[in-house]
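Structure at a glance
Listed below are the residues making up each chain.
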Amino acid sequence: MAYFMVVLLDDNRFAKIKGTELEEKVQYMFGGELRCLNVEVSEEMKDKILQEFDTARIDSRGAITDVPVAFLRELFNQVAEKKSLGSEVIEAVLAKSSEIKELAAKESEYLPAPEI
Amino acid sequence: MSSLIIERPLPHGGRLVERVVRDKEAAKKMIKGCPTYDIKPTLHYETGVPVRNVYREIMSICYGFFSPVEGSMKQAEVERILKERRLLNEWIFPYPLVFDISKEDYKKLGVGSGDRLVLNLKGKPFAILDIEEVWEIDNPEELAHKTFGTPEDNPEVVRERFNKKHPGWVIYRSLNPIVLAGKYTIINEPKMRPPFDRFWFPPRKCREEFDKRGWRTVINHQTRNVPHVGHEFLMKNAAYTGDVEPCHGILVNAIIGVKRRGDYPDEAIVEGHEAVNLGGYIKPERHLPTICLWDMRYGNPLESLLHGIIRQNMGCTHHMFGRDHAAVGEYYDKWSTQILWTKGIPSFGFPKPPTDVPYGLSIRPQNMREFSYCPTCKEMAYSETCGHKREKLSGSFLRGMVAEGVQPPAIIMRPEVYKAIVKWWKHFNYPFCNEKYVINKEKELEVDLEDL
């Protein structure tokens, strides 16, 4: 199975990759209601993610989900910095595992609810 | 009347088990002079985190969800279940259910066969256990492996050896060594806490509710999640099964118990399902969200067998089963449940499906594949019908979206359902179950008790 991680793009994030090669790789999902990028994840990296982050799961599409929000934010930062969706992006995120875990420890206590 | 008409099935075992004493004076007499024991949660054998509370099993047994089981199982019964998935009275049943205590507590209690033990919950008398046998679990790890199967012994469906990452395996691995076996009776009926109270339909009440609503055929939807639109379409379309007309009702039965970190809180799950009918996506007259107390074992085909038993006892004629039913990780083949219900799994004691073996079930399985969004059809489409490339819906993907603060588009999650999530997010300051939620939940439980 091929594994991947989804990076959601709101307007703010989209602005940061606009005009780069990544713009062509943006996918529109659910009738154009959602914009996203898919980052590829190797078997080895998938195992590392599952080992490092115990909430992580693999869903029916082969997507790795349920990682801390801090992980997802760093994932976008690396995508935007490296202008890539390749395996080096995940490697760079995992290199910051300790930092992410520190942030995740705080976010496991509190996440601000949206006002709706 | 057409000969094709399907009637509501009898409870599993032929009659509903109901072991609840409602006369307080009678209850007081029943417990006079008996030793008492405060029910304790089962703690993870390594981390000490609560992984199960036997009170939920006592509730589900005494209100008849698990009919014909009447109590904590004797050693011979557990051994038969592990070998053939049958009770000593022949009826099929998937899991050992035991009242386990530590050796220290056993010594302190000084009870034995023939004694009546009063079980306290939250400091109040709750139930009695009439002890018929005391036995010892020699090797909880072996019990855990035998409960779920191994790739060697159950090659048809078990793909990986179970380990401590599997929450159900951990429950059996964490059991205390001494088992007090015998029948339970609730002697002080607990009150369900809101919001669970309005979803509490034990089998007798549920069957009466079906009668009131004129539901002869009812299909069950198992859940441990807030519903996305894929679930909604699964329910709507599976309900077209029936006999000479579609099923009259859709019963949603949420399993309420110890949660995994990252799951939605139980409160959001039940109100999320309710939001589907309050929003009119499925008419309330046709849709009934309910609960059953049980600490999920995530046993995929075995769990589906328990689900079949629970929902037949509740009066359902049909039960929908999907991919990775009640599963976690990749321990089982993702279609194990459907294999069980269409062909059987001989190594688990089912040379034929559970509906085709003696002392089996009468509820009809409705094995479903998946609904996902088709950008060509511009609608939710069934995987076996639509010929286009579709976009799969996944609960985990949605959780990620919610966590990032992105409201899912209405095509994949109804805004009313999202509102239910946010309501409980504000209440708990967190959208999912975290350690604080799990610890508090196991302190507060889903019930309160009055003095007897």
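In this convention, every chain numbers its residues from 1, walking through the sequence in written order. Chains and ligands are labelled sequentially in the order written, the chains with letters from A and the ligands with numbers from 1. pLDDT decides what is reported in this predicted model: residues at 70 or higher carry local features, side-chain atom pairs at 80 or more are listed and counted, and totals for whole chains, interfaces and linings draw on all residues regardless. Hydrogens and water molecules were not included; the side-chain quantities draw on all heavy atoms of the structure.

**Some details on the overall build of chain A**
Note the following rule: Helix and strand assignments follow DSSP, with helices taken as H or I runs no shorter than four residues and strands as E runs no shorter than two, numbered in order from the N terminus. The globule rule used for comparison is 2.2 Å times the number of residues to the exponent 0.38, while the radius of gyration itself is calculated over C-alpha atoms. Burial classes follow relative accessibility: with a 1.4 Å probe on protein chains only, a residue under 20% of its type's maximum area counts as buried, one over 50% as exposed, and anything between as partly exposed. Only heavy atoms matter for contacts: two residues are in contact if any of them lie within 4.5 Å across the pair. Only the protein chains shown count as covering a residue, and every accessible area follows the Shrake-Rupley method with a 1.4 Å probe.
The helix and strand inventory of chain A stands at six helices and five strands. By the compact-globule yardstick of 13 Å for 116 residues, chain A fits well, its C-alpha radius of gyration being 14 Å. Projecting the C-alpha coordinates of chain A onto the three principal axes gives extents of approximately 40 × 35 × 30 Å. Each of the 116 residues in chain A was classed as buried or not, and the buried ones make up 53%. If you take every contact in chain A between residues at least 6 apart in sequence, the share linking residues at least 24 apart comes to 61%. With an accessible surface of roughly 5,900 Å², chain A has 45% of that area assigned to carbon and sulfur atoms.

**Structural notes on the packing of aromatic side chains**
Residue and element names in this part refer to chain B. In plain terms, the rule: The aromatic pairing rule takes the rings of Phe, Tyr and Trp, using the six-membered ring of Trp, and pairs them if the centres are within 6.5 Å, calling planes under 30 degrees apart stacked, those over 60 edge-to-face and the rest tilted.
Taken as a whole, this structure holds 26 aromatic pairs over all chains when the rule is applied. Between Y95 and Y172 the ring centres are 6.5 Å apart and the planes differ by 35°, which places this aromatic pair in the tilted class. Here the residue Y95 occupies a position in the loop between α3 (75-84) and β5 (100-101), and Y172 occupies one in helix α6 (residues 167-173), the gap between them amounting to 77 residues. Using a relative accessible area of 0% as the deciding quantity, one classes Y95 as buried. Pairing F162 with Y331 gives two aromatic rings, centres 4.7 Å apart and planes at 20°, and the pair type is stacked. Of this pair, F162 sits in the loop between α5 (140-148) and α6 while Y331 sits in the loop between β13 (318-321) and α11 (336-342); the two residues are 169 residues apart in sequence, bridging distant segments of the chain. The two residues F162 and Y331 agree in class, both being buried.

**Structural notes on the sheet that holds strand β11 (residues 249-256) of chain B**
Residues and elements named next belong to chain B. Worth spelling out the cut-off: At least two bridges found by DSSP between two strands is the condition for calling them paired. Between N-to-C directions, angles span 0 to 180 degrees; the directions come from axes that are lines fitted to C-alpha atoms, helices contributing only their stretch in contact.
Pairing is parallel across the open sheet formed by five strands, whose spatial order is β12-β11-β10-β13-β14. Two strands close off the open sheet at either side, each with one partner strand: β12 (287-293) and β14 (364-367). Here the average twist between neighbouring strands, direction ignored, is 30°. As paired strands, β11 and β12 are joined by seven bridges and run parallel to one another. Paired with I250 across the bridge in β12 is H287.

**A word on the interface of chain A and chain B**
For clarity, the cut-off: Once two parts are put together, the accessible area they lose, assessed with a 1.4 Å probe and summed over both, is termed the buried area. A side-chain nitrogen of Lys or Arg and a carboxyl oxygen of Asp or Glu constitute a salt bridge if their distance falls within 4 Å. Here a polar contact is recorded for every N or O atom pair within 3.5 Å, except that within protein the pair must consist of a potential hydrogen donor and a potential acceptor, and residues adjacent in sequence are included only if both atoms are side-chain atoms. Amino acids are sorted into nonpolar (Ala, Val, Leu, Ile, Met, Phe, Trp, Tyr, Cys and Pro), charged (Asp, Glu, Lys and Arg) and polar (every other residue, Gly among them).
With 31 residues of chain A at the interface, the matching set in chain B holds 35 residues. In total, chain A and chain B occlude about 3,000 Å² of area from one another, counting both sides; carbon and sulfur atoms represent 59% of this. Connecting chain A to chain B are five salt bridges. Note that D54 of chain A is salt-bridged to R261 of chain B, the shortest N-O span being 2.9 Å. On the surface where chain A and chain B come into contact, there are eleven residue pairs in polar contact (both at pLDDT 80 or more). Taken together, the elements giving at least two residues each to the side of chain A that touches chain B come down to β1 (3-8), β2 (27-29), β4 (57-58) and α4 (69-82) of chain A. A class-by-class count of the residues in the side of chain A that touches chain B yields 16 nonpolar, five polar and ten charged.

**Some thoughts on the packing of helix α3 (residues 43-52) of chain A against helix α5 (residues 87-94) of chain A**
Residues and elements named next belong to chain A. For clarity, the cut-off: Under this scheme an angle from 65 to 115 degrees is roughly perpendicular, one under 35 degrees roughly parallel, and one over 145 degrees roughly antiparallel; angles in between are oblique. Less than a right angle of anticlockwise turn of the near helix away from the far helix marks a crossing as left-handed, whereas a clockwise turn marks it as right-handed.
With their axes 11 Å apart at the nearest point, α3 and α5 run at an angle of 25° to one another. Classed by the angle they form, the pair α3 and α5 counts as roughly parallel. The handedness of the crossing between α3 and α5 comes out as left-handed. Along its contact with α3, which presents M45, K48, I49 and E52, the element α5 presents I90, E91 and L94. By residue class, the composition of the contact of α3 with α5 is four nonpolar, no polar and three charged.

**Describing the domain arrangement of chain B**
All names here are of chain B. Note the threshold: Per the annotation, domain bounds derive from an automatic or database assignment of domains.
Domain annotation for chain B reports domain 1 (24-191) and domain 2 (196-444). Each of domain 1 and domain 2 has a C-alpha centre, and the two are 26 Å apart. On the domain 2 side, the residues contacting the 45 residues of domain 1 number 48 residues. Buried area between domain 1 and domain 2, both sides added, is near 4,100 Å², and the carbon and sulfur share of it is 64%.

**Topic: unusual backbone geometry**
Across the junction of S67 of chain B and P68 of chain B, the peptide omega takes the value 10°, indicating a cis bond. Position of P68 of chain B among the secondary structure elements: in the loop between α2 (54-62) and β4 (71-72). The step from P194 of chain B to P195 of chain B runs through a cis peptide bond, and the omega angle for that step is 5°. Although it is not a glycine, F30 of chain A adopts a positive phi angle of roughly 50°. Mapped onto the secondary structure, F30 of chain A falls in the loop between β2 and β3 (34-41). Phi at E90 of chain B takes a positive value of approximately 85°, unusual for a residue other than glycine. With respect to the helices, strands and loops of the structure, E90 of chain B is situated in the loop between α3 and β5. Assessed through its relative accessible area of 30%, E90 of chain B is described here as partly exposed.

**A few points about the pattern of salt bridges**
Residues and elements named next belong to chain A. Counted according to the given criterion, the structure contains 56 salt bridges over all chains. Put simply, E43 and K46 hold a salt bridge, and the shortest N to O gap is 3.2 Å. Within this pair, E43 and its partner K46 are both found in helix α3, separated by three residues, close to a single helical turn. Note on E43: relative accessible area 44%, which makes it partly exposed.

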